[in-house]
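As a plain string of letters, each chain reads:
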Amino acid sequence: MIPYGKHHIDQTDIDAVVDVLQNQYLTQGQQVPAFEKALTEYTSANYALAVNSATSALHLACLALGITKSDVVWTTPITFVATANCIRFCQADVDFVDINPSSRNICPQALKEKLQQAAQKNKLPKALILVHFAGFSCDMQVISDLCQQYNVKIIEDACHALGGLYLADKSKIGHCKYADFVIFSFHPVKSITTAEGGALLTNDKHLLKQASLYAKHGVTRDADLMQGEVEGPWSYQQLTLGYNYRMSDVQAALGISQLIRLDSFIQQRRLLAQRYFDALAQLESQSLIKLPSAEQLDFSAWHLFAIELNGQNRLEVYNALLAHKIQANVHYSAVHLQPYYQQLGFKSGDFPNAEAYAKNTLTLPLYQTMTIAEQDYVIEQFKDVLCQNPQ
Ligand SMILES: *Cc1c(COP(=O)(O)O)cnc(C)c1O
């Protein structure tokens, strides 16, 4: 079976993990701080906090920004549900901004209009959570200027985008110059893996301390933060209600080892993406499919290669590929139409661009260890299937 995505573990990864298992702390040793340092070096962000998932990191970012019951936070409907759920973890209200059909990211013009309307009604969001869909950056210069104008905080959900580049200057995604927080995931389908795992990056020391407090039970050993007399080296104080969102040293050792190969992973993904563009251009010119915009090639981390069908029955195309041992996928069903979000009042027609995209999209296999022969096989089968399932 050719899956839509797959991790790559080599002997150096295995050795790094075994070394921790045999010789060191399993958790709260030196590996987690070393991984955090490596992440800041890679991205040029000031601070990183490694945690047990990106979902936890998103929750921590919301907590650290003080998002609570009376607040509203906006995000995109085309993402994994965790991006919106972290807002609900804090009891705040969720609203969405429609996507641009070309980038599949939040549309800056739609954002601008929604902000203008919200300002008139005195209902501005406290924060905006952006997703760099499939690994392709949102237009962060325009969006961060807009958010600054209306005093809206920014969280970049960069779970697809570790190793990708910003549009303005091709700097690495994650440096936090456009956002209060940038979030990465190390789930096995993402750019690098720690099995489960995630990280939160920020340039603001106070925000880091807040997030770190919530990640560790609300407990501190920092004498500066403790109240009253500190009795001895064993002393700690719980200052707020927190969680156990720590990453283990076993996971961090794997992360350090994987991060060394990140750029080579992205290079391989770009090469495969370019080959898909070349091989499928003809189908696009026949209006059988829509490819991602070609400008993405130089910037995206290519977490996903998501195309859009044009009139074909998606289930039939999916099943025909599966019969040839090719497992496509769908990223994503629009979040606002999930039953949970429909119960909150969202309905079909609310975000037309997102809904049109979600209805037709199909993710073709793309991962760093995919061979040219495997990709050629996928291309050949996909072309066959489309010719047998015309519009
Ligand atoms: C994978 C993913 C998440 C969740 O990541 P976990 O590490 O599995 O919690 C959140 N947002 C997006 C956009 C993702 O792709």
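Above: the structure in question.
One structure accompanies this document, and this report is about it. These numbers come from a predicted model, not from an experiment.

Attention now moves to helix α6 (residues 140-149). Within the span of α6, buried status applies to Met 140, Ile 143, Ser 144, Leu 146 and Cys 147. In a view along the axis of α6, the buried residues occupy a sector of 160°, so they form one face of it. α6 presents Asp 145, Gln 148 and Gln 149 as exposed residues on the side facing more than 90 degrees away from its buried surface. On its buried face, α6 is in contact with α5 (108-120), β4 (127-131) and β5 (153-157). Looking one or two places after α6, you find Asn 151, whose phi comes out positive at around 60°.

Using a probe with the size of a water molecule, rolled over the atoms, empty space left in the structure can be pinpointed. There is about 710 Å³ of room inside the largest pocket. In terms of lining, the largest pocket is formed by 28 residues, of which the most central are Gln 28, Leu 49, Ser 212, Lys 216 and Val 219. When residues of the lining of the largest pocket are traced back to their parent elements, those giving at least two are α2 (31-43), β1 (47-51), α7 (205-215) and β8 (219-220). Looking at which element gives the most residues to the lining of the largest pocket, the answer is α7, with 6 residues. Taken together, the residues that form the lining of the largest pocket break down as 15 nonpolar, 5 polar and 8 charged. When its volume is computed, the second largest pocket comes out at roughly 330 Å³. Among the secondary structure elements, those contributing two or more residues to the lining of the second largest pocket are α3 (54-64) and α4 (82-89). Counted by class, the lining of the second largest pocket contains 9 nonpolar, 10 polar and 3 charged residues.

Let's shift gears to the sheet that holds strand β3 (residues 93-96). Paired through backbone hydrogen bonds, the strands of a sheet run either parallel or antiparallel to each other. On the basis of which strands lie adjacent, the open sheet formed by 7 strands has the order β1-β7-β6-β5-β4-β2-β3 and mixed pairing. In this open sheet, the two strands that pair with only one neighbour each are β1 and β3. Averaged over all neighbouring strand pairs, the angle between strand axes comes to 20°, with direction disregarded. Note: β1 against strand β7 (residues 198-202), 5 bridges, orientation antiparallel. If you follow Tyr 47 over to β7, its bridge partner there is Thr 202. Contacts between α6 and the sheet are confined to β4 and β5, with β5 contributing the most and set at about 150° to the helix.

A word on the pairing of strand β2 (residues 72-75). As paired strands, β2 and β3 are joined by 4 bridges and run parallel to one another. Counted as the bridge partner of Trp 74 is Asp 95 from β3. The parallel pair β2 and β3 is bridged by α4, and the resulting crossover is right-handed.

Listed as buried for α4 are Ala 82, Thr 83, Ala 84, Cys 86 and Ile 87. In this structure, the buried residues of α4 make contact with α3, β2, β3, β4, β5 and α10 (339-343).

Residues in contact with the ligand amount to 13 residues; listed here are only the nearest, Thr 55, Asp 157, His 160, Ser 185 and Lys 190. The side chain of Asp 157 places a nitrogen or oxygen atom 2.8 Å from a nitrogen atom of the ligand. Residue Ser 185 places a side-chain N or O atom 2.8 Å away from an oxygen atom belonging to the ligand. When atom positions are compared with the pocket grids, the ligand is found to occupy the second largest pocket. Among the residues making up the shell around the ligand, the classes are represented as 4 nonpolar, 7 polar and 2 charged.

Attention shifts here to the sheet that holds strand β12 (residues 361-364). Spatially, 3 strands are ordered β10-β11-β12 in an open sheet, and the strand pairing comes out antiparallel. Both outer strands of the open sheet, β10 (289-290) and β12, are each paired with one neighbouring strand and no more. Across 4 bridges, strand β11 (residues 305-309) lies against β12 in antiparallel orientation. When the bridges of β12 are listed, Glu 308 appears paired with Thr 361. Packed onto the sheet, helix α9 (residues 314-323) meets β11 and β12 and runs at close to 15° relative to β12.

Another point: the environment of Ala 273. Tracing the backbone shows Ala 273 in helix α8 (residues 249-285). Residues Ala 273 and Ala 294, 21 residues apart in the sequence, show an inter-C-alpha distance of 10.0 Å. The contacts of Ala 273, once residues within four sequence positions are left out, are Leu 297, Trp 302, Phe 305 and Leu 366.

Below, the discussion takes up the pairing of strand β6 (residues 181-185). The buried count for β6 comes to 5 of 5 residues, which makes it a mostly enclosed element. The two faces of β6 match: Phe 181, Ile 183 and Ser 185 on one face and Val 182 and Phe 184 on the other face are all buried. Alignment of β5 against β6, held across 3 bridges, turns out to be parallel. Residue pairing for β6: Glu 156 is matched across the bridge by Val 182. Across 4 bridges, β6 lies against β7 in antiparallel orientation.

Analysis parameters
- Residues numbered from 1 in each chain as written.
- Predicted model: local features only at pLDDT ≥ 70, side-chain atom pairs only at ≥ 80, totals over all residues.
- Heavy atoms only, no water.
- Buried < 20%, exposed > 50% of the residue type's maximum accessible area, 1.4 Å probe, protein only.
- Helix = DSSP H or I, 4+ residues; strand = E, 2+ residues; numbered from the N terminus.
- Arc of directions from axis to C-beta.
- Contact = heavy atoms within 4.5 Å.
- 1 Å grid on protein atoms, 1.4 Å probe; cavity = no way out; pocket = protein on both sides within 12 Å on 5 of 7 lines; lining within 4 Å.
- Points joined across faces, edges and corners; volume = space filled by probe spheres on them.
- Nonpolar A, V, L, I, M, F, W, Y, C, P; charged D, E, K, R; others polar.
- Pairing = 2+ DSSP bridges.
- Axes fitted to C-alpha atoms, helices over the stretch in contact; angles between N-to-C directions.
- Right-handed = clockwise from strand over helix to strand, strands pointing away.
- Near = heavy atom within 4 Å.
- Polar contact = N/O pair within 3.5 Å; in protein donor to acceptor, adjacent residues only side chain to side chain.
- Sits in = over half its atoms within 2 Å of the grid points.

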